[in-house]
Amino acid sequence: MFSTSTQKKYWLFADESELLKARSEANAKFVASHGPKMTEEDRNELLDANEEKALLKFYELQLRDFCRRFEPPMPRSVAGTAFHYFKRFYLIHSVMDYHPKEILVTCVYLATKVDEFNVSIDQFVRNVKGNQTKAMDIILNNELLLMQVLNYNLTIHNPFRPIEGLLIDIKTRGTMVDPERLRPGIEDFLDKAFLTSAPLLVAPSQLALAAVLHSASKIGENLDIYVTKTLLGDSSPEALASLVEAVRKVRSMIKSMETSPKEVIRVLEKRLEKCRNQENNPDSEIYKKRQFEALHDEDEKYGLDFPSLIMSGDLKLGEGIFEINKSMTSP
Amino acid sequence: MDEQACPRCKTTKYRNPSLKLMVNVCGHALCDSCVDLLFLKGSGSCPDCGVPLRRSNFRVQIFEDPFVEKEMDIRRRVMRDYNLKEEDFANLQDYNNYLEEVERIVYNLTNNIEIVSTNQSIDRFKRENKDLIAKNRIRSGREEIILEELLEEEKILVESRKRAIAHEEMLEKKKKMRSKEALIDELMFSEQSAASIVETFKKRKLEEQEEMERHREPSPPPLVAATQFSTGIKFSQRIPKDGFLPVPKEDDTPLFKYEPLVLTRNGPSAPTWEEVTEKKYINHVRESSVVERAGGYLPQLACLRALEEAFDGLRTVAVARWTGQVA
């Protein structure tokens, strides 16, 4: 149940200002710990909280498209879970600490496991463009980290089942003609909602209600009577007021959602490459050296020395994980 | 096996691993053939330390270290006199002091420290607690006999079971052989065709098997050790079965009481199971196929779950503040 879940206890925040606090804290922490280690010019490249936000929004779009194009077809709840994980992760860590590209795939992989949409790692990386073995390594190395950052709160309550419940209720107790007409509007609304911070601020049933109301208003129907009388007929007026407030919050967030143009994103990405935490960059020398040291003790006794082969260049790892689809249309 | 060799004949130990080492009160070991040689007369002296020994004092060595054997010997001797139990003491402190005293004595005697004074304290103790020692000796004697009787009974049970199983197997084997021979005889001497003979035999075998299954003979009751005279008077030392067993303690823990689950739902309440069908919610849910219903799935389940999730949490007001990194 949502009311007794960790999602409500630990991951539902009062309003956007709290989220902003969290993100700026993560950013500041990274700057404080890594700033001094970087050269002067790299330090100018450090991203601030707003730029991180823009980048994250871009990568959330990527996440959505990755899930949409997934083979075999991925149920929406898995995508929803992955979104939640992604948002939560970047409340704790800065974008420069762990690159969103890597965390993105790890979130989706973990979500498939948690939501019982079983996909083997091979099948999974087949959906990833670019070097697939490298992607596999990245995902498997990051999985435990992701779980730890989420504090192992892995159960996510998504708004999809509440939508179904509300529709059943409207069909039974409401007076609307053919509530099935609401579905396209609902889907559209929820898609947009997942790109905002709404899932971290309202309960999934409230999100579902907001979607239903929005869709209804789009086709010109009015469900207010249903909401006040039937749905909350026996509750106090304060409850009604808070619910209305929540719904209004969500709708305003969606309306004010904006996306940055592609060129800005590209510039930010370049800057990210320069200022990111190299210890977590699988392409960097430091990372490779660390892996080398970790593996070296084990492999030596078998006479195989893959790390040194890689270092000497005889064995090559591919470049880049996957290429961003250049022909991205606006959402 | 022992890497040690007998100190006298050294060679014989390696060649014959079944040769056992015997140890005496002085702690030095000898293989049993050497014991025979040296103690032909009945008494002699230890080849290592020259202490006069008797042949009867030799015991089969259990531990590799003769020092341990010596200590075990001494301990056994001491414990024959120092056999007081916890109940004989006023408080725990006294009992512990007594135990420490025992250990001190054993240690001294084993390591040849202050032998004279130690023996004196042993004699003193014996004199002071003569009746307690005697009483305990009788009590322990009784317990030992009871244990022995129990062990005897167990052994007899196990043996009789083994015998029964062996007997059954033998019977089976004999039967099989007999039927085989009968088949061969028939094939040789009868005038019917070979196929029909084989058929009849097969049928008979199946019938026999079914009969066996139906009348499984109860195994004969295992022989019980004789514990009573034919008149019914028991002559074992054991406490009778319905004797003075310890009184079972009163269990004061509260009994389990079922309390129905209380769900905190931050929203309007969902309909109950019956209402789902009565009020026609169910009409808007896909009907379950026969296959699904066989697995226990009913459409009411899905309907109720959707409705509950829709209503749960509608009145939630998020108040959490960001307080720093989670974990």
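Residues numbered from 1 in each chain as written. Chains lettered and ligands numbered in written order. Predicted model: local features only at pLDDT ≥ 70, side-chain atom pairs only at ≥ 80, totals over all residues. Heavy atoms only, no water.

An unreviewed UniProt entry lists chain A under the name Cyclin-H, from Cloeon dipterum. In the Sequence similarities (unreviewed entry) part of its UniProt record, chain A is described as follows: "Belongs to the cyclin family. Cyclin C subfamily." The annotation that UniProt attaches to chain A under Subunit (unreviewed entry) is "Associates primarily with CDK7 and MAT1 to form the CAK complex. CAK can further associate with the core-TFIIH to form the TFIIH basal transcription factor." (UniProt positions renumbered as here; feature names shortened; annotations may be inferred.)

### Section: the overall build of chain A
Scanning chain A from N- to C-terminus turns up 16 helices and zero strands. Buried positions account for 50% of the 331 residues belonging to chain A. Taking as baseline every contact in chain A between residues at least 6 positions apart, the subset at least 24 positions apart corresponds to 77%. A total accessible area of about 16,000 Å² is found for chain A, and carbon and sulfur atoms account for 53% of it. (Helix = DSSP H or I, 4+ residues; strand = E, 2+ residues; numbered from the N terminus. Buried < 20%, exposed > 50% of the residue type's maximum accessible area, 1.4 Å probe, protein only. Contact = heavy atoms within 4.5 Å. Areas by Shrake-Rupley, 256 points an atom, 1.4 Å probe, with all protein chains shown as cover.)

### A look at the overall build of chain B
A tally of regular secondary structure across chain B gives ten helices and five strands. Evaluated residue by residue, chain B yields a buried proportion of 23% over its 327 residues. If you take every contact in chain B between residues at least 6 apart in sequence, the share linking residues at least 24 apart comes to 52%. With the model as given, the accessible surface of chain B reaches about 25,200 Å², and the carbon-plus-sulfur share is 57%.

### So, a nonpolar patch on the surface
A cluster of nonpolar side chains, namely Met1(A), Leu261(B) and Leu263(B), defines an oily patch on the protein surface of about 310 Å² accessible area. Along the chain, the position of Leu261(B) falls in the loop between α7 (194-214) and α8 (273-278). A relative accessible area of 72% places Leu261(B) in the exposed class. (Patch = residues over 30% accessible without salt bridge, like charges linked within 9 Å, V, L, I, M, F, W, Y side chains within 5 Å. Salt bridge = Lys/Arg side-chain N within 4 Å of Asp/Glu carboxyl O.)

### Here we look at unusual backbone geometry
Between Glu71(A) and the following residue, Pro72(A), the backbone shows a cis peptide bond with an omega angle of 0°. Assignment of secondary structure puts Pro72(A) in the loop between α4 (49-68) and α5 (76-92). Phi at Asn112(B) is positive, roughly 55°, even though this residue is not glycine. Within the element layout of this structure, Asn112(B) appears in the loop between α4 (92-110) and α5 (115-128). Positive phi values are uncommon outside glycine, yet Glu114(B) reaches one of about 45°. Of note, Glu114(B) is situated in the loop between α4 and α5.

### Focus on the interface of chain B and chain A
Each partner contributes to the interface: chain B provides 33 residues, whereas chain A provides 40 residues. Here Arg161(A) makes a salt bridge to Glu309(B), at a shortest N to O gap of 2.9 Å. Taken together, chain B and chain A are joined by six residue pairs in polar contact (both at pLDDT 80 or more). (Polar contact = N/O pair within 3.5 Å; in protein donor to acceptor, adjacent residues only side chain to side chain.)

### A closer look at the packing of aromatic side chains
Residue and element names in this part refer to chain A. Applying the stated criterion across every chain yields a total of 17 aromatic pairs over all chains. Look at phenylalanine 66 and phenylalanine 124: their rings are 5.8 Å apart centre to centre, the planes differ by 65°, and that puts the pair in the edge-to-face class. Here phenylalanine 66 is found in helix α4, whereas its partner phenylalanine 124 is found in helix α7 (residues 121-125), with 58 residues between them in sequence. No difference in accessibility class separates phenylalanine 66 from phenylalanine 124, as the two residues are buried. (Phe/Tyr/Trp six-rings, centres within 6.5 Å; stacked < 30°, edge-to-face > 60°.)

### Quick notes on the pattern of salt bridges
Evaluation of the coordinates by the stated rule reveals 21 salt bridges over all chains. Residue Glu292(B) pairs with Arg286(B) through a salt bridge whose shortest N-O separation is 3.5 Å. Since its relative accessible area comes to 28%, Glu292(B) is described here as partly exposed. Through salt bridges with shared partners, a single ionic network connects Glu164(A), Lys171(A), Glu180(A) and Arg183(A).

### Details of the packing of helix α6 (residues 130-189) of chain B against α7(B)
Residue and element names in this part refer to chain B. Between α6 and α7, whose axes approach to 10 Å, the crossing angle comes to 160°. Accordingly, the angle class assigned to the pair α6 and α7 is roughly antiparallel. The chirality of how α6 crosses α7 is right-handed. Judged by residue contacts, Glu172, Lys175, Ser179, Ala182, Leu183, Glu186 and Leu187 of α6 engage Ala194, Ile197, Phe201, Glu208 and Met212 from α7. (Axes fitted to C-alpha atoms, helices over the stretch in contact; angles between N-to-C directions. Parallel < 35°, antiparallel > 145°, perpendicular 65-115°, else oblique. Left-handed = near helix turned anticlockwise from the far one by under 90°.)

### Notes on the confidence of the model for chain A
For chain A, the mean per-residue pLDDT works out to 82, and 85% of the residues sit at or above 70. Across residues 318-331 of chain A, where pLDDT falls below 50, the model places 28 contacts with residues more than four positions away in sequence or in other chains. (pLDDT = per-residue confidence, 0-100.)

### A look at α4(A)
For an α-helix the count is 3.6 residues per turn, leaving residues at separations of three or four pointing the same way. Residues and elements named next belong to chain A. Taking 1.5 Å per residue as the helical rise, α4 with its 20 residues ought to reach 28 Å, and the 29 Å between its terminal C-alpha atoms agrees with that figure. Here α4 lies mainly inside the structure; 14 of its 20 residues are buried. Where α4 begins, one side-chain oxygen reaches toward the backbone nitrogen of asparagine 50, 3.2 Å away; that side chain belongs to aspartate 48. (Expected span 1.5 Å × (residues − 1).)

### Some remarks on the sheet that holds strand β2 (residues 29-31) of chain B
Residues and elements named next belong to chain B. What the three strands build is an open sheet, ordered β2-β1-β5; its pairing is antiparallel. Each edge of the open sheet carries a strand with a single partner, namely β2 and β5 (59-60). Here strand β1 (residues 21-23) pairs with β5 via two bridges, running antiparallel. By the bridge assignment, valine 23 is partnered in β5 with arginine 59. (Pairing = 2+ DSSP bridges.)

### Focus on a negative patch on the surface
Among the surface-exposed residues, Glu207(B), Glu208(B), Glu210(B), Glu211(B) and Glu213(B) lie close enough to one another that they form a single negatively charged patch. Tracing the backbone shows Glu208(B) in helix α7. (Lys, Arg positive; Asp, Glu negative; His and termini not counted. Charge placed at Lys NZ, Arg CZ, Asp CG, Glu CD.)

### Some remarks on the state of the cysteines
The final tally for this structure, using the stated rule, is zero disulfides over all chains. Between Cys107(A), a cysteine without a disulfide, and Cys67(A), which holds the nearest cysteine sulfur, the sulfur-to-sulfur distance is 9.8 Å. (Disulfide = S-S within 2.5 Å.)

### Observations concerning the nonpolar core
The nonpolar side chains of a soluble globular protein tend to be buried, and buried together. Residues and elements named next belong to chain A. One finds Phe86, Leu91, Phe124, Leu182 and Leu223 to be the most contacted residues of the largest nonpolar core, which totals 107 residues. In terms of residue count, α5 provides more of this core than any other element does, ten residues in total. In this structure, this core is formed jointly by two domains, domain 1 (2-157 + 259-279) and domain 2 (160-255), each of which donates at least three residues. (Core = buried A, V, L, I, M, F, W, Y, C linked by side-chain atoms within 4.5 Å. Domains from an automatic or database assignment.)

### A short note on helix α11 (residues 204-218) of chain A
Residues and elements named next belong to chain A. Helix length check: α11, at 15 residues, gives a terminal C-alpha distance of 21 Å against a target of 21 Å (1.5 Å per residue), a fit within 8%. Across the 15 residues that make up α11, a large majority, twelve, are buried. Every buried residue of α11 is listed here: Pro204, Ser205, Gln206, Leu207, Ala208, Leu209, Ala210, Ala211, Val212, Leu213, Ser215 and Ala216. Two residues or fewer past α11, glycine 220 is found with a positive phi of approximately 85°.

### Observations concerning the confidence of the model for chain B
The share of residues in chain B with pLDDT of 70 or more is 85%, and the mean pLDDT across the chain is 79. Among the prediction metrics, the complex's ipTM stands at 0.75, with pTM recorded as 0.57.

### A look at the side chain of Glu18(A)
Locating Glu18(A) in the fold gives a position in helix α2 (residues 16-34). You can call Glu18(A) buried: its relative accessible area is 2%. Those residues within four positions of Glu18(A) in sequence are excluded, and the remaining contacts are Phe13(A), Ala320(B), Arg321(B) and Trp322(B).

### Topic: the packing of α4(A) against helix α10 (residues 183-195) of chain A
Residue and element names in this part refer to chain A. In the contact formed by α4 and α10, the axes pass within 9 Å of each other and the chain directions differ by 135°. Judged on the interaxial angle alone, α10 and α4 are oblique. Contact with α4, carried on its side by Lys57, Glu60, Leu61, Arg64 and Arg68, involves Asp191, Phe194 and Leu195 of α10 and no other residues of that element. When grouped by side-chain class, the residues that make up the contact of α4 with α10 number three nonpolar, no polar and five charged. (Nonpolar A, V, L, I, M, F, W, Y, C, P; charged D, E, K, R; others polar.)

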